[in-house]
Amino acid sequence: MTPPTEQLKIFSEKEKKEFIKRLNEQFGIKKIPGILLKRGKEKVFLFQGSFDKEKIREIEKTSFVERAGLYLAKDEEYGIRLSIEGTQILKNEITKNIVELSKDEMQTWMMGHEVLKKTGMTGFVIIKYLKDMLGTGKASEEKITNFIPKSRRLKDKSVEK
Amino acid sequence: MKERKIPEPKPLFIERMNRLIPDTNDQKNYWKIVKTEPVNTIRVNTMKINSEELIKKLEDYKWKLIQPWKNYPEILIVEGKTPSEREREILINKNLAKLEPGELGRTLEHLLGYYYIQELSSMLPIMALNPKENEIFLDLCASPGSKTTQAGNVMKNTGTIIANEVSLGRMRILASNLERCGITNTIITRKDGRSFCRKIKEQKIYFDKILVDAPCSGEGTLRSSPKTFLMWNPKTIKALSRLQKELLKSAFMTLKIGGEIVYSTCTHAPEENEGVINFILNEFKDKIEILDFELPLKTRPGLTQWEGKEYDSRVKKTKRVYPQDNNTEGFFLAKFRRLG
């Protein structure tokens, strides 16, 4: 079997700066420690281990590297959409475009449904419930579109608090 | 503990297990406990939340939680939950109801990665290996990621973890578990463990710590997976033993001098345990040291003979974990250091 040849795309310093600049505009994020990488066109990963870029390339010479680090965000046409873990890791950096949900709204959100809520914001917003960071939604005039992946959704409201 | 209906074990399996635990009382306890459901245990993901905070949240579900080991406050046993008034009327133990099937994995806290569902004995290899912050760690057969995420927690996302997995399907589970747990110091590779080690050695990359949690016949997992009773087959044990020797040998050669390796399986079969350890001791002679290590539960020393074969006496330093000793699944662990 021929091994896949596609390499991970490791962000240069310039590309990382550019990415953080956009995140700063969206959510007020000023810094992200670690190496940013891309697998495919949209998915951005954050690697915070001790291996540098060269070492990651050396690993790629030995075998197919499925991913390095954590799925941080999706770089989409309308902006950068942080994953659940992305919002958790950058929790202390996120200062704007945050929507705080009530308990009922949180349950609706975590079940994968859109939340009917006028936020006065448009575009990607960070979803928060008390201290919990719940990923990113897309706010329009009257609702927030949901991106919670199926595997991370609450299935049965009756088991919730 | 209530017994449940499970497939009938094969006669040869019964015969082998009874030879491994010759005491009749011990046998009775073993055969009784393997028919019961395993205890529900979870590990707090300390990267995301501390134990006290999570306990508070989970107690809101009326779960009854125990921290079994003082030195490992992140490990919790979920005994059950406080029954409702209606449940209380029909329960024998009026103070404890069973969790619903799948309830452990359905909470908001689980979905957000605040804890990982992991059987107690499966937590032992990382306790034995004790990876430290800033080390370079290889998890050779990493899926589904229980031990990789545990190592990520212990190492506090510092150093680097290489998590290798040969199967594409299993690798996806690994990736999703690492993601949910917020592990950022891991590189996931997909390759046969033997050729991965050969290639990594060519790149002159060596590890401080390695875990070979080898694919095995799973005799220790009968409580959580009773279908193992049906799938059990002596031919598989032979084939697995060959593979395990090759995996451990390959991994050992990528260890730094002074580095440590843990070999573990979730089976009782000596061919997959002491047989593999005996092989590796003979193979590397004065380049390898077998180490003693502490675990927070009752273990038994490795066997020095099985089916007419005598093993190196140092094999006694390995540890067998039997389900009847600690109300866990069965496990086997050995630890080595590379000397040269």
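Residues numbered from 1 in each chain as written. Chains lettered and ligands numbered in written order. Predicted model: local features only at pLDDT ≥ 70, side-chain atom pairs only at ≥ 80, totals over all residues. Heavy atoms only, no water.

## Notes on the nonpolar core
The nonpolar side chains of a soluble globular protein tend to be buried, and buried together.
So, point 1. In terms of nonpolar packing, the biggest core is built from 61 residues, with V212, I277 and F336 of chain B touching the most fellow members.
So, point 2. Among residues more than four places away in sequence, those in contact with I277 of chain B are L248, Y263, I290, V315, T318, F332, A334 and F336 of chain B.
So, point 3. Core analysis: the next-biggest nonpolar cluster, separate from the first, contains 34 residues, M111 and V115 of chain A together with L104 and Y114 of chain B among them. (Core = buried A, V, L, I, M, F, W, Y, C linked by side-chain atoms within 4.5 Å. Buried < 20%, exposed > 50% of the residue type's maximum accessible area, 1.4 Å probe, protein only. Contact = heavy atoms within 4.5 Å.)

## Comments concerning the interface of chain A and chain B
So, point 1. The partner chain B presents 39 residues to the 39 residues of chain A that form the contact.
So, point 2. Roughly 3,400 Å² is buried in total at the junction of chain A and chain B, and carbon and sulfur atoms are behind 59% of that figure.
So, point 3. At the boundary of chain A with chain B, the tally comes to 4 salt bridges.
So, point 4. K131 of chain A is paired through a salt bridge with E53 of chain B; the nearest N and O atoms lie 3.0 Å apart.
So, point 5. For the interface between chain A and chain B, the tally reads 15 residue pairs in polar contact (both at pLDDT 80 or more). (Buried area = accessible area lost by both parts, 1.4 Å probe. Salt bridge = Lys/Arg side-chain N within 4 Å of Asp/Glu carboxyl O. Polar contact = N/O pair within 3.5 Å; in protein donor to acceptor, adjacent residues only side chain to side chain.)

## Quick look at the domain arrangement of chain B
Residues and elements named next belong to chain B.
So, point 1. Per the domain assignment, the segments of chain B are domain 1 (40–117) and domain 2 (121–338).
So, point 2. Computed over C-alpha atoms, the centres of domain 1 and domain 2 are 28 Å apart.
So, point 3. Among the residues domain 1 hides against domain 2, the three largest losses belong to R43, M47 and Y116. Together they make up 47% of the total.
So, point 4. At the boundary of domain 1 and domain 2, one finds 0 salt bridges.
So, point 5. Remark: the boundary between domain 1 and domain 2 carries 11 residue pairs in polar contact (both at pLDDT 80 or more).
So, point 6. Every element with two or more residues in the side of domain 1 that touches domain 2 is listed here: strand 1 (40–44), helix 5 (108–111) and strand 4 (115–117). (Domains from an automatic or database assignment. Helix = DSSP H or I, 4+ residues; strand = E, 2+ residues; numbered from the N terminus.)

## Regarding the sheet that holds strand 1 of chain B
All names here are of chain B.
So, point 1. Spatial ordering of the open sheet is given by 2-3-1-4, a layout of 4 strands whose pairing is antiparallel. Every other strand in the sheet has two partners, leaving strand 2 (63–66) and strand 4 as the edge strands with one partner each. In this sheet, adjacent strand axes meet at a mean angle of 35° when their direction is disregarded.
So, point 2. Lying on the sheet, helix 3 (residues 51–59) is in contact with strand 1, strand 2, strand 3 (75–81) and strand 4; it crosses strand 2 at an angle near 155°. (Pairing = 2+ DSSP bridges. Axes fitted to C-alpha atoms, helices over the stretch in contact; angles between N-to-C directions.)

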